[in-house]
Amino acid sequence: MFSMRITIFIFFVLTMLFSACQAPRPKAEGFKDAHSFSNTDSVRIRHMDLNLNLDFEQHTLSGVVTLKIDNLKKARTLVLDTRDLEIFKVEAQGDNPGRTYTLGSVATDYMGAPLTIRLQPGDSVISVAYKTSPNAAALQWLNPEQTAGKKYPFLFSQSQAILARTWVPCQDTPGVRFTYSATIQAPKELLVLMSASNPKEKNKTGIYHFEMEQPIPSYLLALAAGDLRFRAFDGRSGVYAEPEMIDKAAYEFADTPNMIQTAEKLYGPYRWGRYDILVLPPSFPFGGMENPRLTFATPTVITGDRSLVSLIAHELAHSWSGNLVTNATWNDIWLNEGFTTYFELRIMEALYGREYEEMLEQIGYQDLQRTLEELGSDNPDTRLALNVDDRDPDEALSLIAYEKGRSFLKMLEIEFGRPRFDAFLKKYFDTYAFQSMDTEHFTQYLRDNLIKHRRRVEGQIHLREWIYEPGLPENCPVPDSPEFRKVDEQRMAFLKGTPAEKLDVKGWSTHHWLHFIRALPRKMTTDQMAALDTAFSLSASPNSEIAYAWFRQAIGHEYAPALPYIKRFLLHVGRAKFVVPLYTALNSHKAYRQFARDVYKKAREGYHPVAYGAVDRLLRQ
Ligand code: BES
Ligand code: ZN
């Protein structure tokens, strides 16, 4: 009897230990996020209801946000993040609804100001009436001229990283998740969409209702309104775009259903119901944004030949890495972007083959090398585990999170073999679905579930160095692309004197061209540049990636004939990944400094606050 009990007890202890080993629970009280004022260790938002009116004359959103809260530790206050918001009134549900509040002072502009609300025992619903500023950093209000149709205005939001607080008072930290519902009123000519259940067409009232049933962190709150049409790919995915763009968009992204199926085969079911894409006007400051159920995408990937669709694979992959398992703080962004970049390439390989994937890998590796050169290999910002606590998280984000993160996972794949690594990732997404993860907990999970506490192996793979040290460990996989070796041959031939029009470029894809242009030497004559431009119309390329790569060479070589094209590009496109490096390059050439300023003076008003914020910082220096 006694020994039976002991046996059961030992069994119990072992099971506990074993399961604890398998899946370390993220800390119950949450993670300390330096980028939020909110007191999330004692109170947490569980559900948000938004009731907003869009005012295209004033460029404001106004209305009420109602928060269902869990007061875990009988806190006397609820602290929310706000930035540039006008607060009118705070109320609680119940007999005595009025609640006093204070809006703190602004220390750093990116943090905004804490809104501290007095709570009474039993308070579980708090509502805040407020209005946004016309300069809200998350929002871009577009004039009709900035749209494809030129007839109706357009609005869109960009909440990542810490801009949600400029349009909704909330606990603006990736460590808190809530479900949401919303009622939005817009001018009747516009269709409203959110990162939630969405309408497929306009209604007569201009009032739209939304539900998001899965809990999300604040940075995934998203809103857009414009003259939009919908086209289905199949029963669970489709695309929204302006009428002028809808055919092109539907053609370009037609492989989306296959991408979803491929992703599911790799890492488990898609958990968000629908997956739709919204094509935005060209001022959208990113390539894409993984807003749940509705990826926001730049129109600059619509090339007519489907050659830049890895962007969709990337945003879709975030439905697991990021939206399901979320970086706990902005220091852990590599857990989102590195995993997503790895996953993106796995989708591309499964759908389009190894050769295609090798080209993407090579392009990414070049980006990584270039970033290391620019930042310096001993720069702390080249670590995977960042420390951005005292900075705007946007400022410290670089391709390191993406490409060093991807390389790290690729290294693990090579060391442990694909079958084991895939099983590990699938289980990781499943175990931590709808939770936050920080670098320490992930590292522990990796030790427990893949490395299995073998010290020798841990040393061999340079685990600590990969995660906590700057630069690149010696076991970083170096990709090889046979396709690009063919491109190298043509480049060498050109540099040895073969005329540009005699080069063998038959069948070259966007990626072949990107490699050709990127690998051109630092010193070439104007005649050589002109010969390439004449033969292949590079300055006038309608492909944004090719044009951008060429413009960087043109600026580097002071090839003046490209300037009018660069100007046209900068006036049309607001994607920060293009715009910021182009202004940087122009600004570092004495001859082009004035040109950069003149173009920017005109272009600035067409950019989203995220893009002009970055260019302002740059040109001010
Ligand atoms: N989530 C990011 C965009 C982002 C990151 C916005 C951090 C704000 C802060 C998105 O998934 C992304 O990585 N977009 C890339 C495209 C991708 C194919 C590399 C972009 O916009 O270039
Ligand atoms: Zn991403």
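Cut-offs used in this document
- Residues numbered from 1 in each chain as written.
- Chains lettered and ligands numbered in written order.
- Predicted model: local features only at pLDDT ≥ 70, side-chain atom pairs only at ≥ 80, totals over all residues.
- Heavy atoms only, no water.
- Pairing = 2+ DSSP bridges.
- Helix = DSSP H or I, 4+ residues; strand = E, 2+ residues; numbered from the N terminus.
- Axes fitted to C-alpha atoms, helices over the stretch in contact; angles between N-to-C directions.
- Domains from an automatic or database assignment.
- Buried area = accessible area lost by both parts, 1.4 Å probe.
- Salt bridge = Lys/Arg side-chain N within 4 Å of Asp/Glu carboxyl O.
- Polar contact = N/O pair within 3.5 Å; in protein donor to acceptor, adjacent residues only side chain to side chain.
- Nonpolar A, V, L, I, M, F, W, Y, C, P; charged D, E, K, R; others polar.
- Donors = N, O, S within 2.8 Å, 3.2 Å for Na, K, Ca; no water.
- Buried < 20%, exposed > 50% of the residue type's maximum accessible area, 1.4 Å probe, protein only.
- Near = heavy atom within 4 Å.
- Areas by Shrake-Rupley, 256 points an atom, 1.4 Å probe, with all protein chains shown as cover.
- Arc of directions from axis to C-beta.
- Contact = heavy atoms within 4.5 Å.
- Core = buried A, V, L, I, M, F, W, Y, C linked by side-chain atoms within 4.5 Å.
- Phe/Tyr/Trp six-rings, centres within 6.5 Å; stacked < 30°, edge-to-face > 60°.
- Lys NZ or Arg CZ within 6 Å of the ring centre and 35° of its normal.

Let's shift gears to the sheet that holds strand β5 (residues 101-103). Across the sheet, which stays open at both edges, the three strands sit in the order β3-β6-β5 with antiparallel pairing between neighbours. Looking along the sheet, the strands with just one partner apiece sit at the ends: β3 (77-82) and β5. Direction aside, neighbouring strands of the sheet carry axes that sit 15° apart on average. Bridge count between β3 and strand β6 (residues 113-118): six bridges; the pairing is antiparallel. Paired with D81 across the strands is P114, a residue of β6.

Another point: the domain arrangement of the chain. For the chain, the domain assignment lists domain 1 (33-226), domain 2 (228-319), domain 3 (355-468) and domain 4 (520-620). Between the C-alpha centres of domain 1 and domain 3 the distance comes to 33 Å. Counting the surface lost from both domain 1 and domain 3, the interface buries some 790 Å², and carbon and sulfur atoms represent 58% of this. Per-residue buried area on domain 1 facing domain 3 is highest for H35, Y110 and R177; these three make up 54% of the total on that side. Run the count over domain 1 and domain 3 and you get zero salt bridges. Taken together, the connections running from domain 1 to domain 3 amount to six residue pairs in polar contact (both at pLDDT 80 or more). Split into classes, the residues belonging to the side of domain 1 that touches domain 3 amount to six nonpolar, three polar and one charged.

The coordination sphere of the zinc ion (ligand 2) contains the protein donors H314 (NE2), H318 (NE2) and E337 (OE), at a distance range of 1.9 to 2.1 Å. Written as a sequence motif, the donor residues of the zinc ion (ligand 2) are H-x3-H-x18-E. The same class applies to H314 and to H318, which are both buried.

Neighbouring residues of ligand 1: 17 residues in total, closest Q160, G287, E290, E315 and Y402. Backbone polar atom of G287 to an oxygen atom of ligand 1: 2.5 Å apart, as the coordinates give it. Between an oxygen atom of ligand 1 and a side-chain N or O atom of Y402, the distance comes to 2.6 Å. For ligand 1, the protein covers 89% of the area, taking 520 Å² as the surface of the free molecule. Of all elements in the fold, only β17 (288-289) and α4 (310-317) reach the threshold of two or more residues within the shell around ligand 1. Top element by residues in the shell around ligand 1 is α4. It accounts for three residues. Residue composition of the shell around ligand 1, grouped by class: five nonpolar, six polar and six charged.

What follows concerns helix α17 (residues 563-572). Of all the positions in α17, only L563, I566, F569 and L570 are classed as buried. One side of α17 holds all its buried residues, which, seen down the axis, span an arc of 120°. In this structure, α17 carries P564, R568 and H572 as exposed residues pointing more than 90 degrees from its buried face. On its buried face, α17 is in contact with α16 (544-556), α18 (576-587) and α19 (593-603).

With that settled, the discussion passes to the side chain of S481. With respect to the element layout, S481 can be found in the loop between α12 (463-468) and α13 (482-495). Once you skip the residues sitting within four places of it in the chain, S481 turns out to touch E358, M359 and Q362.

Our focus in this paragraph is the nonpolar core. Ranked by size, the top nonpolar core spans 150 residues in total, and within it W167 and F408 carry the most contacts. The biggest single contributor to this core is helix α5 (residues 333-352), with nine residues. If we ignore the near neighbours within four places in the chain, the residues touching F408 are W334, L384, F442, L446, L463, W466 and I467. I363, L514, L586 and Y600 belong to the second largest nonpolar core, which has 55 residues in total.

All chains considered together, the criterion is met by 40 aromatic pairs. Centroid distance W508 to F516: 5.5 Å. Interplanar angle 55°. Geometry classified as tilted. Owing to a relative accessible area of 15%, W508 belongs among the buried residues under this scheme. For F516, a relative accessible area of 1% corresponds to the buried category. A cation over a ring is seen here: R306 above Y251, with NZ or CZ 3.8 Å from the ring centre. The ring of Y612 has R604 sitting right over it, with the charged end atom 4.0 Å from the ring centre.

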